[in-house]
Amino acid sequence: MEYKENSLCYEDYCRLRESAGWTNFSKTQVKTALSNSIYTISVIEQNKTIAMGRLIGDGQYYMIVDVIVHPDFQRQKIGTSILNRLLKYADDHTPAGGRSSIQLIAEKGKEPFYETLGFKKIPHEFCGSGMRKVILKNID
């Protein structure tokens, strides 16, 4: 398994979202989003992208988005490795004496996975009536 930085392409992005049952955005939106990502991770197995994750933000506030592991490869710690790499990037790019806030939105039922990595739930009543919950982690 190979982890590649900043090489996520449109086709792999769309294919992985489909594998998770997520709706895709327009081609223009996806290409713009990928080019504006601060940092991306792609996981390659036998020349096929099987997982991904993206970090977006401004250096103070980050958001982790599009963390997907193809269903055939789940439960192998790939998602954990992606999250750790995204968190390390944010940590490495936070200046000495500074701090940053890292947020993500988890699918309902997936919150315990993120909690094992140090994320904390923001109470659901602050998140509206949607099916997702916001989770927050700060790097000091």
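Residues numbered from 1 in each chain as written. Predicted model: local features only at pLDDT ≥ 70, side-chain atom pairs only at ≥ 80, totals over all residues. Heavy atoms only, no water.

1. Concerning the pattern of salt bridges
Part 1 of the argument: Scanning the model with the defined rule gives four salt bridges in all.
Part 2 of the argument: Arg15 is paired through a salt bridge with Asp12; the nearest N and O atoms lie 3.4 Å apart. On the criterion of helical spacing, the pair formed by Arg15 and Asp12 is a turn pair, its members being three residues apart in helix α1 (residues 10-19).
Part 3 of the argument: Where Asp92 meets Lys88, a salt bridge forms, and the shortest distance between an N and an O atom there is 2.6 Å. Placement of both Asp92 and Lys88 in helix α3 (residues 78-92) is noted, with a separation of four residues, approximately one turn of the helix.
Part 4 of the argument: Salt bridges here are not isolated pairs; linked through shared partners, they connect Arg17, Arg54 and Asp66. (Salt bridge = Lys/Arg side-chain N within 4 Å of Asp/Glu carboxyl O. Helix = DSSP H or I, 4+ residues; strand = E, 2+ residues; numbered from the N terminus.)

2. Some points on the pairing of strand β3 (residues 48-57)
Part 1 of the argument: Within β3, seven of the ten residues are buried, which leaves the element mostly enclosed by the surrounding structure.
Part 2 of the argument: Bridge count for strand β2 (residues 39-45) against β3 is seven bridges, and the pairing is antiparallel. Across the sheet, residue Val43 finds its bridge partner in β3, namely Ala51.
Part 3 of the argument: Of the strand pairs in this sheet, β3 and strand β4 (residues 61-69) are connected by six bridges, and their pairing is antiparallel. Across the sheet, the residue bridging to Ile56 is Met63, located in β4.
Part 4 of the argument: Here β3 folds back onto β4 in antiparallel fashion, the turn holding three residues, of which Gly59 has a positive phi close to 100°. (Buried < 20%, exposed > 50% of the residue type's maximum accessible area, 1.4 Å probe, protein only. Pairing = 2+ DSSP bridges.)

3. Notes on the pairing of strand β5 (residues 100-106)
Part 1 of the argument: Of all seven residues that make up β5, five are buried, and the element is covered over most of its length.
Part 2 of the argument: In terms of strand pairing, β4 meets β5 through four bridges, oriented parallel. Across the sheet, residue Ile64 finds its bridge partner in β5, namely Leu104.
Part 3 of the argument: As for the winding sense of the linkage, the β-α-β connection from β4 through α3 to β5 is right-handed. (Right-handed = clockwise from strand over helix to strand, strands pointing away.)

4. A short note on the nonpolar core
Part 1 of the argument: Core analysis: the biggest nonpolar cluster contains 23 residues, and Leu55, Ile64, Ile82, Leu83, Leu86 and Phe119 have the highest contact counts within it.
Part 2 of the argument: Where this core is concerned, the elements lending two or more residues are β2, β3, β4, α3 and β5.
Part 3 of the argument: Cys14, Leu16, Val30 and Ile68 belong to the second largest nonpolar core, which has nine residues in total. (Core = buried A, V, L, I, M, F, W, Y, C linked by side-chain atoms within 4.5 Å.)

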